[in-house]
Amino acid sequence: MSGSGLCAYAITREHTLDLVGAPDVRLVTHQGLALVVAEVDLAPFVELEANPTQWAKEPSEDDPLVVLAKRHDEVVRAVFGHHPVLPLRFGTILRDEQAATRLLTDHHTEAREGLDRVEGHHEWGVRARLPHPGKPAEMSTEGMSGTDYLTMRRDRLAAAARSRRDSSAAATALHEALSLHATETVHRTKKSAPLLDAAYLVPIAAEPEFHAEAKRYGDLAVEVTGPWPPYSFVRLELTTEAVAHA
Amino acid sequence: MPEELTVTPSAEGLVDLLDRVIDRGAVVTGDVLISLAGIDLIRLDLRLLLVAIENA
């Protein structure tokens, strides 16, 4: 497959789009709604699908997927700076403008409701970890009796377990406190490695309190990222059927 | 392709960004030329990567 297609980035409200430096990005509008699109060359996407990136270590800035994904985020963010957006998943390429219009027509109500829900909000990511991995002090076991050694080992393990429990309780308290300032929350990973890895949909007016809360938990290593477009809070599955043959 | 957009540079890590852009957001199916929503391998890689970074 070659040629070009219409890359779709996000749904927003109809407005006069003025993205400095992105003349190819435009809006396809329908009854107050708009799909943010740009004509793109299909080749890099086809290539990506054929040879999915496999990372052995951290992704690099010049990885083809990274380049395209960053571009996607930049466009979403540029609109998000001024209007509510429902980000589409990266790599959604429509056939033509007709398909774009149909998408808006078929999902008008859901899209409207979605935009109302995220308007005036930013997504913030919060991760909490154990503060210090806590390397136990080196202690000479020379001349220690077997019983003393086992006692020492047991005490250390118990102390580590206690500190994990305390931290885990603190992370739960942190999440509850942050949730009070958020309209919606979502846990991003189910892994227990970070004590907390969640996203919060926070009303802009509540952001100062939200951030103050995140700083209140000195016992944890808390990392806050954002503001993000509401990527983690868009759960729409949109289906567009071809009118003519596909 | 334009070099710059009116975008505030963000300090988030690349993995955080990729995880959101690739694995979240509305999914469109049906009359699409390409939908990379099916790139499960990449997503799996991302998950492993996130875990690796967490445990680093």
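Residues numbered from 1 in each chain as written. Chains lettered and ligands numbered in written order. Predicted model: local features only at pLDDT ≥ 70, side-chain atom pairs only at ≥ 80, totals over all residues.

## Quick notes on the overall build of chain A
(1) Moving on: Within chain A, the regular secondary structure consists of six helices and nine strands.
(2) Moving on: Here chain A, with 246 residues, has 37% of them falling under the buried criterion.
(3) Moving on: When contacts within chain A are restricted to residue pairs at least 6 apart in sequence, long-range pairs at least 24 apart make up 74% of them. (Helix = DSSP H or I, 4+ residues; strand = E, 2+ residues; numbered from the N terminus. Buried ≥ 20, exposed ≤ 12 C-beta atoms within 10 Å, placed from the backbone. Contact = placed C-beta atoms within 7 Å.)

## Description of the nonpolar core
All names here are of chain A.
(1) Moving on: In terms of nonpolar packing, the biggest core is built from 53 residues, with Ala8, Tyr9, Ala10, Leu35, Val36, Val37 and Ala100 touching the most fellow members.
(2) Moving on: It is helix α2 (residues 64-80) that contributes the most residues to this core, eight residues altogether.
(3) Moving on: Every residue in contact with Tyr9, bar those within four places of it in the chain, is listed here: Val36, Val37, His72, Val75, Val76 and Leu88. (Core = buried A, V, L, I, M, F, W, Y, C linked by C-beta atoms within 7 Å.)

## Here we look at helix α5 (residues 146-179) of chain A
Residue and element names in this part refer to chain A.
(1) Moving on: An ideal rise of 1.5 Å per residue puts 50 Å on 34 residues; α5 measures up with 49 Å between its terminal C-alpha atoms.
(2) Moving on: Of all the residues in α5, the buried ones are Ser167, Ala170, Ala171, Leu174 and Leu178.
(3) Moving on: As for α5, its buried residues are in contact with β5 (121-129), β7 (196-203), α6 (207-215) and β8 (221-228). (Expected span 1.5 Å × (residues − 1).)

## Quick notes on the domain arrangement of chain A
(1) Moving on: Taken domain by domain, chain A consists of domain 1 (4-119) and domain 2 (122-228).
(2) Moving on: One C-alpha centre belongs to domain 1 of chain A, the other to domain 2 of chain A; they are set 35 Å apart. (Domains from an automatic or database assignment.)

## Section: the sheet that holds β7(A)
All names here are of chain A.
(1) Moving on: Sheet architecture is open: four strands sit in the order β6-β7-β5-β8, paired in antiparallel fashion. Strands with a single pairing partner mark the edges of an open sheet, and in this sheet they are β6 (184-187) and β8. The average undirected angle you get between the axes of adjacent strands in this sheet is 20°.
(2) Moving on: Of the strand pairs in this sheet, β6 and β7 are connected by four bridges, and their pairing is antiparallel. Note on β7: the bridge partner recorded for Glu184 is Leu201. (Pairing = 2+ DSSP bridges. Axes fitted to C-alpha atoms, helices over the stretch in contact; angles between N-to-C directions.)

## As for the confidence of the model for chain B
Residues and elements named next belong to chain B.
(1) Moving on: Per-residue confidence for chain B averages 63 on the pLDDT scale, and 43% of its residues sit at or above 70.
(2) Moving on: Looking at the elements of chain B, mean pLDDT is at its lowest for helix α2 (residues 40-55), recorded as 56, and at its highest for helix α1 (residues 14-23), recorded as 84.
(3) Moving on: Across the interfaces of the predicted complex, the ipTM metric reaches 0.79, alongside a pTM of 0.81. (pLDDT = per-residue confidence, 0-100.)

## Regarding the confidence of the model for chain A
(1) Moving on: Residue-level pLDDT values for chain A average 87, and 88% of them are 70 or greater.
(2) Moving on: At the level of individual helices and strands, chain A shows its lowest average pLDDT in helix α1 (residues 43-50) of chain A, which scores 82, and its highest in helix α4 (residues 108-118) of chain A, which scores 96.

## Quick notes on the sheet that holds strand β2 (residues 25-30) of chain A
(1) Moving on: If you walk across this open sheet you meet the five strands as β2(A)-β3(A)-β1(A)-β4(A)-β2(B), and the pairing is antiparallel. Single-partner strands in this sheet number two, and they are β2 of chain A together with β2 (32-35) of chain B. In this sheet, adjacent strand axes meet at a mean angle of 35° when their direction is disregarded.
(2) Moving on: Alignment of strand β1 (residues 4-13) of chain A against strand β3 (residues 33-41) of chain A, held across nine bridges, turns out to be antiparallel. Bridged to Ser4(A) within β3(A) is Asp41(A).

## Looking at α2(A)
All names here are of chain A.
(1) Moving on: Its 17 residues place the ends of α2 24 Å apart at the C-alpha level, agreeing with the 24 Å of an ideal helix rising 1.5 Å per residue.
(2) Moving on: Burial of α2 is extensive: twelve of the 17 residues sit out of reach of the surface.
(3) Moving on: Buried within α2 we find Leu65, Leu68, Ala69, Arg71, His72, Asp73, Val75, Val76, Arg77, Ala78, Val79 and Phe80.

## Observations concerning unusual backbone geometry
Residue and element names in this part refer to chain A.
(1) Moving on: At the junction of Gly226 and Pro227, the peptide bond is cis and its omega measures out at 0° in the coordinates.
(2) Moving on: Secondary-structure assignment places Pro227 in strand β8.
(3) Moving on: In this structure, Gln31 takes a positive phi of about 45° despite not being glycine.
(4) Moving on: In this structure, Gln31 sits in the loop between β2 and β3.
(5) Moving on: According to the C-beta neighbour criterion, Gln31 is exposed, with 11 such atoms within 10 Å.

## Details of the environment of Gln98(A)
Residues and elements named next belong to chain A.
(1) Moving on: Along the chain, Gln98 turns up in helix α3 (residues 97-106).
(2) Moving on: Taking the C-beta count within 10 Å as the criterion, Gln98 has 16 such neighbours and is therefore assigned partly exposed.
(3) Moving on: Taking the C-alpha atoms as reference points, Gln98 and Leu88, ten residues apart in sequence, are found 18 Å from one another.

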